[in-house]
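Listed below, chain by chain, are the residues.
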Amino acid sequence: RSSAASDVYKRQGINAEYGGIAFMTSCLTSLLSKQIQSLRSGGSAACEMTSVACGRLDLYYEWGIHPWDIAAAALIITEAGGVVLDPHDGQEVDIETRRVLCGNASLAQHVVSALASVKIPEKWSQLKRKSGK
């Protein structure tokens, strides 16, 4: 599917104490301006990620997720041929950064590009990758 025909699923857990509302609103605006067909929100991260793995959903992303919510589903997506990336930089996901993007490689990179201009709240940017980047 092209990005214009893609359904992007996301979770909207927001902590308003450190700019979470403005950050999530900026993410949504950025994605919609890049011709994503629709943005939807469900419930369970693991269920939505495994729906990506079996082809029911095109993409899924979330910021502020806990490692135990995505670890098993990330393996399932990888085994199914999908990618599990950091939505901030498009690198392989480090589940300790508490952010995830999964889907097929080309659509996932399109979302990474769309989110590149969104400034991450300082609280979330402090969750560094293990390599120190």
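For the structure given in this document, a descriptive report is provided here.

**Details of the side chain of aspartate 86**
Secondary-structure assignment places aspartate 86 in the loop between strand S4 (83-85) and strand S5 (99-103). Separated by 2.8 Å, the side chains of aspartate 86 and arginine 99 make a polar contact.

**Here's the deal with the nonpolar core**
One recurring pattern in soluble globular proteins: nonpolar side chains tend to sit buried together. Ranked by size, the top nonpolar core spans 14 residues in total, and within it Met49, Tyr60, Ile70, Val84, Val100 and Cys102 carry the most contacts. Of all the secondary-structure elements, those providing two or more residues to this core are helix H2 (45-53), helix H3 (67-79) and S5. Here this core gets 4 residues from one element, more than from any other, and that element is H3. Grouped together as the second largest cluster of nonpolar side chains are 11 residues, Leu59, Tyr61, Val111 and Ile120 included.

**Some words on the pattern of salt bridges**
Counted by the stated rule, this structure contains 1 salt bridge. Arginine 99 is paired through a salt bridge with aspartate 86; the nearest N and O atoms lie 2.8 Å apart. Placement of the pair is arginine 99 in strand S5 and aspartate 86 in the loop between S4 and S5, with a sequence separation of 13 residues.

Rules and cut-offs
- Residue positions are given per chain, counted from 1 along the sequence in the order it is written.
- Under the rules for a predicted model, residues below a pLDDT of 70 receive no local features and side-chain atom pairs below 80 are neither given nor counted, while totals for whole chains, interfaces and linings still include all residues.
- Only hydrogens and water are set aside; all other atoms, that is, all heavy atoms of the structure, feed into the side-chain values.
- A run of H or I in DSSP becomes a helix once it reaches four residues, and a run of E becomes a strand once it reaches two; helices and strands are each numbered from the N terminus.
- Pairs of N or O atoms within 3.5 Å make up the polar contacts considered here, provided that, within protein, one atom can donate a hydrogen while the other can accept it, and that residues adjacent in sequence are counted only when both atoms are side-chain atoms.
- Note on terminology: a nonpolar core comprises buried Ala, Val, Leu, Ile, Met, Phe, Trp, Tyr and Cys residues joined through side-chain atoms within 4.5 Å.
- Think of it in three bands: with a 1.4 Å probe and only protein chains considered, a residue is buried below 20% of the maximum accessible area for its type, exposed above 50%, and partly exposed in between.
- The term salt bridge refers to a side-chain nitrogen of Lys or Arg lying within 4 Å of a carboxyl oxygen of Asp or Glu.

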